[in-house]
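One-letter residues, chain by chain:
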Amino acid sequence: KTRNSARASPPEPSSKMSRALRILAVGLGAGVVDAAAVAESAAATGQCTPGSSDASCRARGGQATGVDLMQRKIMASAVVPDAGDVEVAASVAQPEGAGVGILGHTPDYDCDGDGVQDCGKWDYRMSMCMNQAMCGYTHKFPDFTLDHACRCRKCPSLPGTAFGDPMLKHPDEAGAPFSALNWGVFKNWGDHMDTCAPWVMPRDDAALQNLLTYARGKGYKVRISGAGHSAGGIVTDGKNQQVLVISLAEYTAPAEWEFALKDMPDGSKRATVNAGWTQFHLYERIRPLGFFQPAQTAGYFFSLGGLVASSVHGGSYLGGFIHAYVTRFRVMLFDGSIKIVDTEEELRFWRCSFGLHGIMLSVEMQLEKREKLQMYPVEAKLPAWNAHEFWKFIKQDAEADIAPELLPAEGGQGSRKAWNGEYFADFINGGDTPIIAVYAQKANSSVDPNFGGQLGIPDDIYQAYATLKNAPVTDYRGLMSYGVAARRDGAPPIKIVGVDVNDMIGALRTEQVAHIMSHEAMTNIPRLARKLANRVNDGFFLTQSPAALAAAYFVAPDKAFAAMDYLRKVQLESKGSKDFVWNLPGEFRFINVQDSAVLQPITPGLWFNAQMISFPDLAATHQAWKRDFKKVEDFWVKELKAQPHMGKLFGFETSPEGLTEPFADSYSCTIYGDDQKASFEAYRHQQDPEGLFATGLGMKFLSPCAN
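Presented here is an overview of the structure given in this document. None of these values were measured; they are calculated from a predicted model.

Here's the deal with the overall build of the protein chain
Of the regular secondary structure elements, the protein chain holds 19 helices and 29 strands. Every one of the 707 residues in the protein chain was classed for burial, and the buried ones make up 61%. Here the analysis covers contacts within the protein chain between residues at least 6 apart in sequence; of these, 71% occur between residues at least 24 apart. Element-wise, carbon and sulfur atoms account for 52% of the exposed surface of the protein chain, whose accessible area totals about 25900 Å².

Some points on helix 11 (residues 461-470)
Of the positions making up helix 11, those classed as buried are Ile461, Ala464, Tyr465 and Leu468. One face of helix 11 carries all of its buried residues, which in axial projection span an arc of 95 degrees. The outward face of helix 11, more than 90 degrees from its buried face, is lined by the exposed residues Tyr462, Gln463 and Asn470. Contacts made by the buried residues of helix 11 are with helix 6 (279-286), helix 12 (482-489) and helix 14 (511-535).

Some thoughts on the nonpolar core
Counting residues in hydrophobic clusters, the biggest one holds 172 residues, and the most contacted among them are Phe329, Ile359, Phe390, Tyr423, Phe590 and Trp636. Apart from residues lying up to four places away in sequence, Trp636 is in contact with Tyr553, Ala563, Tyr566, Leu567, Ala610, Gln611, Met612, Lys641 and Ala642.

Overview of the pattern of salt bridges
Counted by the stated rule, this structure contains 30 salt bridges. The residue Lys559 makes a salt bridge to Asp558 at a minimum N-O spacing of 3.8 Å. Using a relative accessible area of 26% as the deciding quantity, one classes Lys559 as partly exposed. A single network of salt bridges, built from pairs that share partners, joins Asp108, Lys140, Asp143 and Arg151.

Observations regarding the packing of aromatic side chains
Using the criterion set out here, one finds 41 aromatic pairs in the structure. Measuring from ring centre to ring centre gives 5.3 Å for Phe280 and Tyr300, while their planes differ by 85 degrees; the resulting arrangement is edge-to-face. Taken together, the residues span a long stretch of sequence, with Phe280 in helix 6 and Tyr300 in the loop between strand 13 (291-292) and helix 7 (304-308) at a distance of 20 residues. In this structure Tyr300 comes out as buried when scored by relative accessible area, which is 1%. For the pair Trp391 and Phe590, a centre-to-centre distance of 6.3 Å together with 45 degrees between the ring planes defines the contact as tilted.

Here we look at the packing of helix 6 against helix 11
Following both chains from N to C, one finds helix 6 and helix 11 inclined at 160 degrees, their axes separated by 10 Å at the closest point. If you check the angle between helix 6 and helix 11, you find them roughly antiparallel. In this structure, helix 6 crosses over helix 11, and the sense of that crossing is left-handed. Contacts between helix 6 and helix 11 pair Phe280, His281, Tyr283 and Glu284 from the former with Tyr465, Leu468 and Lys469 from the latter. Across the contact of helix 6 with helix 11, the residue classes tally to four nonpolar, one polar and two charged.

Side note on the packing of helix 9 (residues 387-397) against helix 15 (residues 560-574)
At their nearest, the axes of helix 9 and helix 15 sit 10 Å apart, and the two run at 110 degrees to each other. As the angle between them shows, helix 9 and helix 15 are arranged roughly perpendicular. When the axes of helix 9 and helix 15 are compared, the crossing they make is right-handed. Contacts between helix 9 and helix 15 involve Ala387, Phe390 and Trp391 from the former and Ala560, Phe561 and Met564 from the latter. Partitioned by chemical class, the residues of the contact of helix 9 with helix 15 number six nonpolar, no polar and no charged.

Describing the environment of Ala464
Looking at where Ala464 falls in the secondary structure, it is placed in helix 11. In this structure, the C-alpha to C-alpha distance between Ala464 and Leu532, residues 68 residues apart in sequence, is 9.5 Å. Ignoring any residue separated from it by four or fewer positions in sequence, one finds Ala464 in contact with Arg535 and Val536.

What about unusual backbone geometry?
Positive phi, normally seen in glycine, also occurs at Cys352, with a value near 55 degrees. Here Cys352 shows up in the loop between helix 8 (344-350) and strand 16 (359-366). We classify Cys352 as buried; its relative accessible area is 0%. Phi at Phe663 is positive, roughly 65 degrees, even though this residue is not glycine.

Considerations on helix 14
With 25 residues, helix 14 extends 36 Å from end C-alpha to end C-alpha; this agrees with the ideal 36 Å at 1.5 Å per step. In helix 14, a bend of some 35 degrees at Asn524 exceeds every other bend along the element, and Pro526, a proline, comes one to four places later. Of all 25 residues in helix 14, 18 are buried; the element is thus mostly enclosed. Asn537 sits one or two positions beyond helix 14 and adopts a positive phi of about 50 degrees.

Section: the sheet that holds strand 11 (residues 259-263)
Taking strand neighbours across the sheet as the criterion, the five strands line up as 11-12-16-14-15 in an open arrangement whose pairing is antiparallel. Strands with a single pairing partner mark the edges of an open sheet, and in this sheet they are strand 11 and strand 15 (338-341). For this sheet, the mean inter-axis angle between neighbouring strands, taken without regard to orientation, is 15 degrees. The sheet contact formed by strand 14 (residues 326-332) and strand 15 spans four bridges and is antiparallel. Across the sheet, residue Phe329 finds its bridge partner in strand 15, namely Val341. Across the face of the sheet, helix 6 comes into contact with strand 11 and strand 12 (269-274) while running at roughly 50 degrees to strand 11.

About the cut-offs
- Residues numbered from 1 in each chain as written.
- Predicted model: local features only at pLDDT ≥ 70, side-chain atom pairs only at ≥ 80, totals over all residues.
- Heavy atoms only, no water.
- Helix = DSSP H or I, 4+ residues; strand = E, 2+ residues; numbered from the N terminus.
- Buried < 20%, exposed > 50% of the residue type's maximum accessible area, 1.4 Å probe, protein only.
- Contact = heavy atoms within 4.5 Å.
- Areas by Shrake-Rupley, 256 points an atom, 1.4 Å probe, with all protein chains shown as cover.
- Arc of directions from axis to C-beta.
- Core = buried A, V, L, I, M, F, W, Y, C linked by side-chain atoms within 4.5 Å.
- Salt bridge = Lys/Arg side-chain N within 4 Å of Asp/Glu carboxyl O.
- Phe/Tyr/Trp six-rings, centres within 6.5 Å; stacked < 30°, edge-to-face > 60°.
- Axes fitted to C-alpha atoms, helices over the stretch in contact; angles between N-to-C directions.
- Parallel < 35°, antiparallel > 145°, perpendicular 65-115°, else oblique.
- Left-handed = near helix turned anticlockwise from the far one by under 90°.
- Nonpolar A, V, L, I, M, F, W, Y, C, P; charged D, E, K, R; others polar.
- Expected span 1.5 Å × (residues − 1).
- Bend = angle between axes of the 7 residues up to and from the residue.
- Pairing = 2+ DSSP bridges.

The following block contains the structure:
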């Protein structure tokens, strides 16, 4: 569906921007890349694709020019010496192959001092340093290659530290008293948080109990991760070297606590599910039966435990936080004892508890029956940017199911037939007449009678889920199935096929790329929705997503236009900047919050969720994008009284030295009131009297403010 749908194409790239760079921008903006389509485009321009043996596909140093790039570390590819540095860099002896040359086995590359080079090799296929458990990207002058910039993570491998504990590094080989998989060190999916905390994945209840006993005996702190999608230090901030991180990615729960369905008197069902499962694993079981969560995110790739331990929501106009629909928990406390939480009084303490009480092993969740589901996009090029056109799109084009008395009067009235909507606004390309799109859903009697797409359960839905689950993907740990990779550390990062690193370098930070990225993000939403609607028709439209920067805030609906108007202003002001250009659409949704948790960041009622997102790649430095994010946050928080989504970026503060960083203590302590903090803390001390789980950003939420 479209209104005034003539789409303005982004400016054509200048001659200095190669075809390869355009493919890169298209891939990043797409959210999910169709590898075959991009490979076809690459072949049409004579570029190399993975596995090509053509001699013309070899670059200097024996590296393929047609390498796969992955967005998670794309910034690392922009390492180019300034013109004045060339003479100095040329004097550096270059290594044979992919070594470290004259740097040899320095502490930068020999992490444990055993005389063996651990770092100094770049994985050109994965676009990240090899040996991620020990090595990370840190550029220093005069690094001339990406190999040189792969340095030790500086994690202290000293006896007495969690990182230096062989039982945590190699549980099976070291004869640890628990059965677990070591997954290196914890880092979140978007690479906002990189720590030295060992990441361990126990396989059953006994392994978890033995690991907790071991950790208590060693004086370690224990934190629990989901799929690693939180932007801040909610799992761990990396400052305490005595922290180990537990994941349920390899965990199997006993009997019905792994998965079971319960019939309810009203005809609905409840699902009991392993908390280490993602939404994909849940929907693989419930969608073929016609059941759904009351609220769900855009993508599959979040763990259920992580969703309900924080303030995560979907795009339902009538739905609230996902944790509100949990009716029972099976949890493990500090001493390894197992407890069932099933009273509303206690559930309120465990919902949105940031893993501070113990380990959520399994969750029981409410489900809804939908006989019909219509997944579809709506797009409009607004004739003008004003409150009337903004609300007209939401009410009439998107058909949002929101009571008129809860919204401003502008925009008239709509049908209210859509139960879900996720909105995107392309300000960078639109200017005074931006394009707004919504990925919408209708259900049951509200579906359009003349809709030509899928409305029911696809005939081959079981095979469709199996195909996606078993699809081979390459994570930074190697080859594995999509289902395994999604549980271990979130959706596998997106591959951009056939991009020549050498062609890309030097042209990445251009305004044209920002236009292309934002444009392609908008144009690919309908394709993605149609693709999954045809296969499984379960409401999701993302199976993978690039690791963009994201910050989201809740504001009252009457301040919605003001929030998006200011984001538009800041984005347009960035055009032509040499420091940072915004490069993705603004996003927004609505959420109808219930009173369901002690640590709920906003009061019950209807809220507007405004989100700013961007890739960091068009920033000259990290400080450049942080300053612009802070500018938007300052207006939203100070002028519009916004509250943050705590799983994303927030709390930007500039130090006396002029450095801007997120997650400031002075802001984190203001999110909850004193009564909330006192009530939660009293219960937390009962559940975890030793403070085994008490560390990370969650504890800063509970801290008193200095002022």
